[in-house]
Amino acid sequence: MNNVLVNPSFVDDFRQAAPYIQYLRGKTLVLAISSQILLRGKLDTLASDIQLLASLGVRLVLVHGIRHYLNQMISDAGGALSYHAGWRITDESTLRLVKQACGLVRCDWEALLSAGPAHMPNRSSRHLKVAGGNFLLAKPLGVLDGVDMGYTGRVRKVDTDAICRRLDEGCLVLVSPLGHSLSGKSFNLGLDEAAQALAVALKAEKLIFLGEKDGVLDEAGRVVSQLTAAEVDDCLVRVPQSAETARMLKAAVYALENGVNRAHILSGFDDGSLIHELFTRQGRGTALAQSAFMRIRAADTRDIGDIIHLITPLEQSGVLLPRSREYLETHIREFWVLEHDAHVCGCVALKLFTEQQAGELACLVVSPDIQEGGYGELLLEHVITQARQHSIKNLFALSTSTGSWFDERGFQAASLADLPPDRQVQYRQNQRQSKIYVRRLSQ
Ligand SMILES: CC(C)(COP(=O)(O)OP(=O)(O)OC[C@H]1O[C@@H](n2cnc3c(N)ncnc32)[C@H](O)[C@@H]1OP(=O)(O)O)[C@@H](O)C(=O)NCCC(=O)NCCS
């Protein structure tokens, strides 16, 4: 017997992280990192976490900000910060400082990422390769409301082929917020502008902003963990956010509306926030999606392991009827799963007795950590919709311990004789003496 102590929370955490590790492998993530983080953040651990992601096969594009360096440089040079309509006005002398700031910040990031991951052996042989280049083609913002914006630009095109080649070689692509035009001029780009354009052009899985705040905040100053793109305007009206968060939100919504799967806003100061956000269900900052985070989809054989994981404790405690892997393999078409990102966190089955225009709702489970959030009801509604599509008139549910849940949702007590004949035979065989409930469905 091995006496080595294993921290149970480590085992749980590792199990929770496993599907996310699998899901992120080979996916492209665009990380937009505010310049403040370089000034005050825990850089070695953040760089180490970025390297860890790369070592897990995540394709990374990092866009760095320069705002705070540039402001400092402008003020050191005795200049004034000039903005119009939320954009910085970039004259010739500011552009020179933009180039200097980009060089400086870029150099610091390259050094940080060259250090080798802190937690890996053979650090020197495993250091991450960083690639750069003229990946962003820019165009001038031009004259806005009669104000010449000078060398402030917008992204015209992203050289996705060149970036993808570097990513295929296993490099991290480091992009500065600076673009060049076909006429050979350079333009100052906002961090958010560059990051959103890269995420959309690369069809990135995620656009992640690491800024000063912990995420989007609610009225009480707590982090809003999830937002849909449609909720963003309302959120901004209700709770004014910092200028940086507001810019990030705008870019996040643009990215989501143009095909990026998820956007995240989190603190770059909070040690481990990136790992928490990517590998735990609850996350750390604010995750944004184009539509609802939870979805119900038909299960397939790849979900069997997750379904077993959900139902085993309930089978052991007698709440659910035991179902073998073979049973699940044969009947998987009767199942739906509740999915959050790559994580299965609920399931339900509908067994049809077509001849009797009856159906049985079975194996309804919501993962304990998200119970009482209305997901049980969501699964029930889904099954009712499916049942109606099959012209089912009587939807049964058999339960030993959840009777009142069905009771409160339009089910009534029924007797064995109400069940379809085949189901009556099974009922007698398994001797669980479950209570029988039925909900009459109008078509
Ligand atoms: C039953 C179950 C699916 C409900 O999922 P859920 O996502 O928590 O459900 P909802 O959020 O829609 O509903 C929550 C409500 O149900 C109540 N509830 C939860 N379990 C219950 C139970 N066993 N009996 C009665 N009510 C229950 C909660 O107290 C809560 O009540 P409230 O709205 O008054 O606060 C979930 O508790 C579960 O997985 N239980 C274990 C498996 C099980 O019993 N399955 C049913 C047998 S097929």
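Residues numbered from 1 in each chain as written. Predicted model: local features only at pLDDT ≥ 70, side-chain atom pairs only at ≥ 80, totals over all residues. Heavy atoms only, no water.

Novice: Quick question: what am I supposed to make of the overall build of the protein chain here?
Specialist: Along the protein chain, the regular secondary structure elements total 15 helices and 23 strands. Buried positions account for 50% of the 443 residues belonging to the protein chain. Long-range contacts, defined as pairs at least 24 residues apart, comprise 72% of the intrachain contacts of the protein chain with a sequence gap of at least 6. When the accessible area of the protein chain is evaluated, it comes to approximately 21700 Å², of which 49% is carbon and sulfur surface. Of the charged side chains in the protein chain, 47 are positive and 49 negative; the average position of the first set lies 3 Å away from that of the second. (Helix = DSSP H or I, 4+ residues; strand = E, 2+ residues; numbered from the N terminus. Buried < 20%, exposed > 50% of the residue type's maximum accessible area, 1.4 Å probe, protein only. Contact = heavy atoms within 4.5 Å. Areas by Shrake-Rupley, 256 points an atom, 1.4 Å probe, with all protein chains shown as cover. Lys, Arg positive; Asp, Glu negative; His and termini not counted. Charge placed at Lys NZ, Arg CZ, Asp CG, Glu CD.)

Novice: Which parts of the structure should I look at to understand the domain arrangement of the protein chain?
Specialist: It is common to give the size of an interface as the accessible area lost on bringing the parts into contact. Taken domain by domain, the protein chain comprises domain 1 (12-292) and domain 2 (295-440). For domain 1 versus domain 2, the distance between C-alpha centres works out to 44 Å. Listed by partner, the interface residues are 8 residues for domain 1 and 8 residues for domain 2. For the pair domain 1 and domain 2, the interface holds 0 salt bridges. Here domain 1 and domain 2 share 2 residue pairs in polar contact (both at pLDDT 80 or more) between them. Per-element tally for the side of domain 1 that touches domain 2: the top contributor is helix 1 (residues 8-24), with 4 residues. Partitioning the side of domain 1 that touches domain 2 into residue classes produces 3 nonpolar, 2 polar and 3 charged. (Domains from an automatic or database assignment. Salt bridge = Lys/Arg side-chain N within 4 Å of Asp/Glu carboxyl O. Polar contact = N/O pair within 3.5 Å; in protein donor to acceptor, adjacent residues only side chain to side chain. Nonpolar A, V, L, I, M, F, W, Y, C, P; charged D, E, K, R; others polar.)

Novice: Honestly, the pattern of salt bridges in this entry has me stumped. Any pointers?
Specialist: Opposite charge on two side chains lets them pair, provided their charged atoms get close. Under the definition given, this model contains 16 salt bridges. Taking the shortest distance from any N to any O, the salt bridge between Glu 193 and Arg 154 comes out at 2.8 Å. Taken together, the residues Glu 193 in helix 7 (residues 191-201) and Arg 154 in strand 9 (residues 153-158) connect sequence positions 39 residues apart. Residue class for Glu 193 comes out buried when judged on its relative accessible area of 8%. Residue class for Arg 154 comes out partly exposed when judged on its relative accessible area of 31%. A salt bridge links Asp 270 to Arg 284, with the shortest nitrogen-to-oxygen separation between them at 2.8 Å. On the criterion of sequence distance, the pair formed by Asp 270 in the loop between strand 15 (262-267) and helix 10 (273-279) and Arg 284 in the loop between helix 10 and strand 16 (286-289) is long-range, its members being 14 residues apart. It is possible to trace a salt-bridge network through shared partners that takes in Arg 295, Arg 297, Asp 303 and Glu 339.

Novice: I tried to follow the pairing of strand 10 (residues 172-175) on my own but got confused; where do I start?
Specialist: Two faces belong to every sheet, and in a regular strand the side chains alternate between them. Both faces of strand 10 are covered, namely the face carrying Leu 172 and Leu 174 and the face carrying Val 173 and Val 175. The pairing of strand 2 (residues 59-64) with strand 10 spans 3 bridges and is classified as parallel. Across the sheet, Val 61 pairs through a bridge with Val 173, a residue of strand 10. Across 2 bridges, the pairing between strand 5 (residues 130-131) and strand 10 is parallel. What sits directly across from Ala 131, in strand 10, is Val 173. (Pairing = 2+ DSSP bridges.)

Novice: Mind showing me how you'd approach the nonpolar core here?
Specialist: Soluble globular proteins tend to pack their nonpolar side chains together in the buried interior. By size, the foremost hydrophobic cluster in this structure holds 87 residues, and its most contacted members are Val 30, Ile 50, Trp 109 and Leu 198. Each residue touching Trp 109, except ones within four places of it in the same chain, is listed here: Ile 33, Leu 38, Leu 43, Leu 46, Ile 50, Leu 62, His 64 and Leu 174. One finds Trp 336, Leu 380, Ile 392 and Phe 411 within the second-largest nonpolar core, a separate group that totals 22 residues. (Core = buried A, V, L, I, M, F, W, Y, C linked by side-chain atoms within 4.5 Å.)

Novice: Explanation requested: the side chain of Asp 192 in the structure shown.
Specialist: Here Asp 192 lies in helix 7. Judged by relative accessible area, which is 11%, Asp 192 ranks as buried. If we skip the residues at most four places from it in the chain, Asp 192 touches Phe 209, Arg 247, Met 248 and Ala 251.

Novice: Help me understand the sheet that holds strand 23 (residues 435-440) in this model?
Specialist: Two modes of strand pairing occur in sheets, parallel and antiparallel, and in both the strands are linked by backbone hydrogen bonds. Read from one edge of the open sheet, 7 strands run 17-18-19-20-21-23-22, paired in mixed fashion. Looking at the sheet topology across the chains shown, the edges are occupied by strand 17 (294-298) and strand 22 (412-414). Neighbour-to-neighbour, the strand axes of this sheet turn through a mean angle of 30 degrees, independent of strand direction. Of the pairings in the sheet, the one linking strand 19 (residues 343-353) to strand 20 (residues 358-366) comprises 7 bridges and is antiparallel in character. (Axes fitted to C-alpha atoms, helices over the stretch in contact; angles between N-to-C directions.)

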